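Coordinate analysis (summary)
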Amino acid sequence: MNILFIMYDQLRFDYLSCAGHPHMHTPNFDRVAAKGVRFSNAYVQSPICGASRMCYYTGRYAASHGAQWNGFPLRVGEVTIGDHLRKLGMNSWIIGKTHMQADAEGMARLGLSPDSQIGARQAECGFDNWCRDDGLWAQGPDGFYDEKRSPYNEYLKSKGYPSENPWSDFANAGITDEQIASGWMFRNADQPANIREEDSETPWLTSETIRFVEEAEGPWMAHVSFIKPHWPYIVPAPYHNMYGSNHVPAPRRHDMERDNPHPVYGAYMENKIASAFQREEVRQKVIPAYMGLIKQCDDQLGRLLDHLEATGKMDDTMIVLTSDHGDYLGDHWLGEKDLFHEQSVKVPMILFDPRPEADTTRGTVNDALVESIDLAATFVEAAGGTVPDHIIEGRSLLPWLHGETPDWRKYVISEYDFSATPQAAKLGLEPRDARLFMVFDGRFKMMHTAAGYRPMLFDLETDPDEFVDLGESPDHAATLERLYSHLHEWGLRMSQRVTKSEEAIRQSRGRSGRKGVMPFLYDGSEVPEDWTKFYRGPAPKDYTND
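In what follows, the accompanying structure is described. (Residues numbered from 1 in each chain as written. Predicted model: local features only at pLDDT ≥ 70, side-chain atom pairs only at ≥ 80, totals over all residues. Heavy atoms only, no water.)

Here Ser182 shows up in strand S9 (residues 179–182). In this structure Ser182 comes out as buried when scored by relative accessible area, which is 12%. Dropping the residues within four chain positions of it, Ser182 is found in contact with Asn172, Ala173 and Asn188. (Helix = DSSP H or I, 4+ residues; strand = E, 2+ residues; numbered from the N terminus. Buried < 20%, exposed > 50% of the residue type's maximum accessible area, 1.4 Å probe, protein only. Contact = heavy atoms within 4.5 Å.)

Put into structure tokens, the structure is as follows:
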């Protein structure tokens, strides 16, 4: 069986029709959901691109792999899904974005050349590179944000777009009075991107995926990672005006959230992106464009699904649809992601297993508490392997897909290291103290900070909008104590003994005696006789009298 692992960047869990959005019509996401299982309580282990993706790729919590912010390298030697699957005879490919930063210093220390096969895999997060393109080809006075070669920019140049950076000048910009109307400016979000729709990012990556499916030799796992609907929020015609102000919901926010907020929350409500999304004219421009980007993603998903069906490859391909985090879009007085409200940390997750074992669960919704790291375990088991649970910290979802009811986790964890942000500087925090932790048990959600601030607490049963912070409520002291006990339990997990499995340790118990290391014996009768056979018998020679 092959695995098609599709990730959309910054796609909110509730902006799909199968998730109940009142205006979005996403028949192809719904099509996969009808064939498989939609997990309605899936949470990422960090609500920031790079850290979240490294959790997906390693199957490990951010505190375990250490790459907790965009641009923080994933240390050399960290085992990823590509490494796990390759041992099982399955090739692992990247098509699109990873946001992975290679541990160049660690590779140099070990003499790993980026040009070698093992070095290239280390630099590409364990994947073989079909077409990696991280998607943000921004340029400023100090140069490019990402200086690697852009396959997408090269494609646009080959199609005749006259620019050194057509990603910026055409794919993510409109045109007004013959002037570039950049997608970086929210006021331009309602303009059609100045590009032929078939040449825009999402169709281009879909074409690359179809080419891969046609040419790849299996079994394979392909991580198809779209940059959209991530900003810049601009989309080509006809998607730019499919939605309008009548489709923009009122923001989910309340004045009480701004009344003596938690210090970290308060700092985030005052940052640039939050200030922008607190303006209604920004939401009116951005949200229809965001919806148009999602609609284009859905149409291109349909194109890919049609190809799989036409070629018969749907019958032997597991399909996974998910996201690395959500988007506040002005809810809770915030924009982007970062904190732990549902809009940010909860993601869509839909799995289709084509095998007959999954027939009983097709078209169902599962409300188990799922973590993004569960996909790594799922892929290993789907490929016929045994999950190495001394390395992978997630749990396979296959039992749920196959109609079983496994003994499951009682809470989910997410982490956020904001040490590199202006918010940490504004609060005067040392980098080691600028860390947040979320514990959610399906009803109560707690946010703890390493800086010693009070916790935040929400009861999603009585307050599904997460407006009422109960962190200082004496009536909820016992709830906080219970959630802290979960955080303590999680903090004590075995996470760094990755070179020796539990089974290997069990099998090694007692072996030292049979290897001849037998201290603490009085006369040898304490152990089996054959253990001491090399230490008994006539002496070869007597030197004591020489």
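Taken together, the four strands give an open sheet; going across it, the order is S16-S17-S18-S19, and neighbouring strands pair in antiparallel fashion. Every interior strand has two partners, whereas the edge strands, strand S16 (412–417) and strand S19 (456–459), have only one. Here the average twist between neighbouring strands, direction ignored, is 15°. Pairing of strand S18 (residues 444–449) with S19, which is carried by four bridges, proceeds in the antiparallel orientation. For Phe444, the partnering residue across the bridge sits in S19 and is Asp459. The strands touched by helix H17 (residues 477–491) within the sheet are S16, strand S17 (435–440), S18 and S19, with S18 carrying the most contacts at an inclination of about 65°. (Pairing = 2+ DSSP bridges. Axes fitted to C-alpha atoms, helices over the stretch in contact; angles between N-to-C directions.)

Time to look at helix H12 (residues 280–310). Between its terminal C-alpha atoms H12 stretches 45 Å, which fits the 45 Å expected from 31 residues at 1.5 Å a residue. Phi turns positive, to about 80°, at Gly312, one or two residues after H12. (Expected span 1.5 Å × (residues − 1).)

Within a pair of aromatic rings, the relevant descriptors are the distance that separates the centres and the angle that separates the planes. One pass over the full model with this rule turns up 28 aromatic pairs. Seen in terms of ring centroids, Tyr8 and Phe29 are 5.2 Å apart; in terms of plane orientation they differ by 50°. Their pairing is tilted. With Tyr8 in strand S1 (residues 2–8) and Phe29 in helix H1 (residues 27–35), this residue pair connects regions lying 21 residues apart in the sequence. In terms of burial, Tyr8 and Phe29 fall into one category: buried. With centroids separated by 6.3 Å and ring planes inclined at 35°, the aromatic side chains of Tyr155 and Trp204 adopt a geometry described as tilted. Here Trp204 lies in helix H9 (residues 201–215) and Tyr155 lies in helix H7 (residues 151–158), a separation of 49 residues in the sequence. For Tyr155, a relative accessible area of 21% corresponds to the partly exposed category. A cation sits over an aromatic face here: Lys35 above Phe352, 5.8 Å from the ring centre. The ring of Phe13 carries the charged tip of Lys346 above its face, separated from the ring centre by 4.7 Å. (Phe/Tyr/Trp six-rings, centres within 6.5 Å; stacked < 30°, edge-to-face > 60°. Lys NZ or Arg CZ within 6 Å of the ring centre and 35° of its normal.)

Moving on, we get to unusual backbone geometry. Of note, the bond from Lys228 into Pro229 is cis; its omega dihedral lies within 30 degrees of zero at 10°. Structurally, Pro229 can be placed in the loop between strand S10 (220–226) and helix H10 (263–269). A cis geometry characterises the amide bond from Trp231 onward to Pro232, with omega recorded as 0°. Tracing the backbone shows Pro232 in the loop between S10 and H10. Unlike most non-glycine residues, His332 shows phi in positive territory, near 60°.

As a further point, take the packing of H1 against H12. Running from N to C, H1 and H12 point in directions that differ by 50°, and their axes come no closer than 7 Å. When the axis of H1 is compared with that of H12, the two are oblique. On H12, the residues touching Pro27, Asn28, Phe29, Arg31, Val32 and Lys35 of H1 are Lys295, Asp298, Asp299, Leu301, Gly302, Leu305, Asp306 and Glu309. Here the residues of the contact of H1 with H12 sort into five nonpolar, two polar and seven charged. (Parallel < 35°, antiparallel > 145°, perpendicular 65-115°, else oblique. Nonpolar A, V, L, I, M, F, W, Y, C, P; charged D, E, K, R; others polar.)

Attention shifts here to the sheet that holds strand S15 (residues 370–371). Strands sit in the order S12-S3-S15 across an open sheet of three strands; the sheet is mixed. If you trace the sheet from one side to the other, it starts and ends with strand S12 (346–347) and S15, each paired once.

Tracing the sequence through the fold places Asn165 in the loop between H7 and helix H8 (166–171). Within the structure, the side chain of Asn165 is placed 2.7 Å from the backbone oxygen of Trp137, a separation counted as a polar contact. Other than its neighbours up to four places away in sequence, Asn165 contacts Trp137, Gln139, Phe144 and Asn153. (Polar contact = N/O pair within 3.5 Å; in protein donor to acceptor, adjacent residues only side chain to side chain.)

Attention shifts here to the packing of H9 against H12. Axes are the key here: two packed helices are described by the angle between their axes and the distance separating the axes. The contact between H9 and H12 brings their axes to 10 Å, and the two run at 15°. By the angle between their directions, the pair H9 and H12 is classed as roughly parallel. As for the relative orientation of H9 and H12, their crossing is right-handed in sense. Packed against H9, whose contacting residues are Thr202, Pro203, Thr206, Ser207, Thr209, Ile210, Val213 and Glu214, the element H12 presents Gln296, Cys297, Gln300, Arg303, Leu304, His307 and Leu308 at the interface. Residue composition of the contact of H9 with H12, grouped by class: six nonpolar, seven polar and two charged. (Left-handed = near helix turned anticlockwise from the far one by under 90°.)

On to H7, then. For H7, the set of buried residues is Pro151, Tyr152, Asn153 and Leu156. In this structure, the buried residues of H7 make contact with strand S5 (128–132), H8 and H9. Among the residues trailing H7, Gly160 stands out with phi positive, at a value near 95°.

The buried fraction of S10 amounts to seven of the seven residues, a majority that puts the element mostly inside the structure. Pairing of S1 with S10, which is carried by six bridges, proceeds in the parallel orientation. The residue of S10 that forms the bridge with Ile3 is Met221. In terms of strand pairing, strand S4 (residues 91–96) meets S10 through six bridges, oriented parallel. Following the sheet pairing, Ile95 is matched in S10 by Val224.

This next bit is on the environment of His341. If you trace the backbone, His341 turns up in the loop between strand S11 (317–323) and helix H13 (342–345). On a C-alpha basis, the gap between His341 and Pro399 in space is 29 Å, while along the polypeptide they are 58 residues apart. Polar side-chain contacts of His341 include one of 2.8 Å to the side chain of Tyr328.

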